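# Structural features, examined
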Amino acid sequence: MTIARAGYAAEIRRIEEAVAGAGGPSALDPPTDTERVTRYIYGLYQRASISGDPAALGEVEHALAQAVPLVTHPGDLYFLKANLAFKLHRLDDVEAALVALPSAAQNAEARLIRADLDFQRGRYREAEAGYRDVLHAEKSWGALARLAHFTGKMGDTAAADDLYEEAQDELTAKELRSFAWLEVQRGFLDFCRGRLDEARAHYRRADAAYPGYWLVEEHIAELLGAEGRYGEAIAILKKWAAAGNRPDLAQAIAELHRLAGETDPALQWAQQALAGYLRSAEQGAVHYYHHLVDYYAEVEEDGAVAVAWAQKDLQLRQNFSTQAALAWAFFRARRFDEARPWIDRALGSGVVDPRIFLQAGAIYTAIGEKREAKSFEERARRLNPMVDRCHLHH
C-alpha cells in the first residue's frame with residue numbers, strides 16, 4: 001500500500017517528517033540554505049493547507065515573511081504567498097504577491113490566480129475568460145476544476161460535473177487526495193440540488209480513495225444532517241472540532257443540536273463558535289467575517305450586528321456571496337428597502353443558488369411584492385426541494 005492510499009493521516013505524517021528533515025524552524029537560522037528553507041516552508045504550507053487549520057495558516061504566513069528575504073530567487077515563495085493570502089481572504093495581499101513575481105514567473109498558475117481574484121471581486125466575465133484562456137493554452141486539472149466551480153455557480157451543474165470528471169482524467173494514479181477533493185465537489189453539486197443518494201455515492205468514492213480526510217467527513221456529516229440523522233452528524237463533526245480550532249464546526253454542531261431539539265448543548269456550542277470567530281477577528285484575521293455575518297443573522301438573529309460584519313466583508317470582496325449576505329443581514333435588521341438592492345445585485349451576477357433564491361423570496365415578500373417573491377421561492381424549491389434543511393457554511 002502506498003502512502004497516498006493510506007490516506008489523510010499518513011500524508012500528514014509524511015509532511016511532518018519532511019518538515020523535520022528540512023531542519024524545522026532552524027531552517028530559517030543563518031547561515032541558510034535555499035533548498036532547506038524552501039522545503040521547510042512548503043512543508044508548513046502543505047500541512048496547514050491539507051489540514052484546513054486557519055491558525056496553522058497564520059503561522060505559515062509568519063514563517064513565509066521570514067523566508068522570502070533569505071532566498072535569492074523567491075518566485076515560488078511568492079506563489080505560495082498568493083495562495084496563502086487567498087485562503088485567508090486577503091485579496092490585496094494576493095495582488096501584491098503576484099505583482100512581486102518576476103515576469104518569467106507569470107505563467108499559467110499566475111493567470112489562474114488572477115482569474116480567481118476576478119471571480120472573488122465580482123468580475124465574472126473576466127474570471128471565466130481567464131480560466132478558458134489558460135485551458136486553451138494548457139489543459140490542467142486545476143484549471144478545469146476552477147472552470148467547473150464557476151460553471152456550477154452559474155447554474156449548469158451538468159456541465160460542471162463533466163468538467164470535474166475531465167479534471168479527474170488529468171490526474172495521475174498517485175494523486176488520490178486531489179481525486180477525493182474533486183469527488184467532494186461533484187457530490188456537493190448533487191447535494192445542492194437535493195440529490196442526496198448521488199452525493200453520497202461521490203463522498204463514498206472520495207473516502208475510499210483517500211480515507212480519513214476531514215473534508216470528506218464534513219460533507220458526509222452535512223448530508224446526514226439533511227437526512228435528519230443529527231446524532232451521527234454531530235459525532236463526526238465533534239471529532240474534527242476536537243482536532244483543531246474550528247469555530248465554524250462548533251457553529252455547525254450547535255445547529256445540529258438545535259435541529260435535534262437539544263437546547264443546552266446547542267447554546268454551549270454556539271457560544272464556543274462565537275468566541276472563536278471574535279478571537280480570530282480581534283487578532284486581525286478576516287477569513288471568518290462571512291461566518292460572523294451568518295452567525296448573527298441565523299443564530300442570534302441580530303440584524304444590526306450582522307450588517308456591520310457584512311459591510312466589513314463586502315469591503316474585502318464584493319461578489320454575489322457577500323452581496324447576498326449583506327441583503328440577508330438587512331432583512332434580519334428589518335431594513336427591507338435596503339435589502340432589496342443588494343439581493344438584486346447578487347442575482348444580477350447570474351448566480352443560480354437555491355438558498356439565495358429563497359432569501360430573495362423572503363425579502364420580496366417583506367417589501368410586498370408577492371408575485372416576484374413566489375417566483376423566487378418556487379425556483380429555489382425546483383432546484384432543491386430540501387433547500388431549507390441542514391447545511392454547513394463552506
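Owing to the predicted nature of the structure, the values given are computational and were not obtained by experimental measurement. (Residues numbered from 1 in each chain as written. Predicted model: local features only at pLDDT ≥ 70, side-chain atom pairs only at ≥ 80, totals over all residues. Heavy atoms only, no water.)

In this section: helix 14 (residues 230–243). Relative to the 20 Å expected for 14 residues at 1.5 Å per residue, helix 14 spans 20 Å between its end C-alpha atoms, a close match to the ideal helical length. Turning to helix 14, its buried residues are Ala233, Ile234, Ile236, Leu237, Trp240 and Ala241. Angular distribution of buried residues about the axis of helix 14 spans 165°; they occupy a single face of the element. Residues of helix 14 that are exposed and point more than 90 degrees away from the buried face comprise Gly231, Ala235, Ala242 and Ala243. (Helix = DSSP H or I, 4+ residues; strand = E, 2+ residues; numbered from the N terminus. Expected span 1.5 Å × (residues − 1). Buried < 20%, exposed > 50% of the residue type's maximum accessible area, 1.4 Å probe, protein only. Arc of directions from axis to C-beta.)

Our next topic: helix 17 (residues 289–299). Of all 11 residues making up helix 17, nine are buried, and the element is well covered by its neighbours. If you check which residues of helix 17 are buried, you get Tyr289, His290, His291, Leu292, Val293, Asp294, Tyr295, Tyr296 and Ala297. Looking at the packing, one finds that the buried side of helix 17 touches helix 15 (247–259), helix 16 (263–282), helix 18 (303–316) and helix 19 (320–332). One or two steps after helix 17, the chain reaches Glu301, where phi turns positive at roughly 50°. (Contact = heavy atoms within 4.5 Å.)

All right, on to the packing of helix 9 (residues 141–153) against helix 10 (residues 157–169) then. Two numbers describe how helix 9 lies on helix 10: the axes approach to 8 Å, and their chain directions differ by 170°. Here helix 9 lies roughly antiparallel to helix 10, going by the angle between them. Taken together, the residues of helix 10 that come into contact with helix 9 (itself represented by Trp141, Leu144, Ala145, Leu147, Ala148, His149, Thr151 and Gly152) are Thr157, Ala159, Ala160, Leu163, Tyr164, Glu166 and Ala167. Classifying every residue of the contact of helix 9 with helix 10 by side-chain character gives 10 nonpolar, four polar and one charged. (Axes fitted to C-alpha atoms, helices over the stretch in contact; angles between N-to-C directions. Parallel < 35°, antiparallel > 145°, perpendicular 65-115°, else oblique. Nonpolar A, V, L, I, M, F, W, Y, C, P; charged D, E, K, R; others polar.)

Further remarks concern the environment of Tyr289. Mapped onto the elements of the fold, Tyr289 is located in helix 17. You can call Tyr289 buried: its relative accessible area is 12%. A sequence separation of 65 residues divides Tyr289 from Pro354, and the C-alpha atoms of the two residues are 22 Å apart. Excluding anything up to four places from it in sequence, Tyr289 contacts Ala281, Trp309, Lys312, Asp313 and Leu316.

The next subject is the environment of Glu61. Looking at the secondary structure, you find Glu61 in helix 4 (residues 54–67). Between the C-alpha atom of Glu61 and that of Leu44, which follows or precedes it by 17 residues, the distance is 9.7 Å. In contact with Glu61, other than residues within four places in its own chain, are Leu84, Leu88, Arg90 and Asp93.

Counted as a void, the second largest pocket has a volume near 280 Å³. Considering the residues around the second largest pocket, the lining is formed by 16 residues, among which Pro54, Ala55, Gln283, Ala285 and His287 are closest to the centre. Its residues assigned to classes, the lining of the second largest pocket comprises six nonpolar, six polar and four charged. (1 Å grid on protein atoms, 1.4 Å probe; cavity = no way out; pocket = protein on both sides within 12 Å on 5 of 7 lines; lining within 4 Å. Points joined across faces, edges and corners; volume = space filled by probe spheres on them.)

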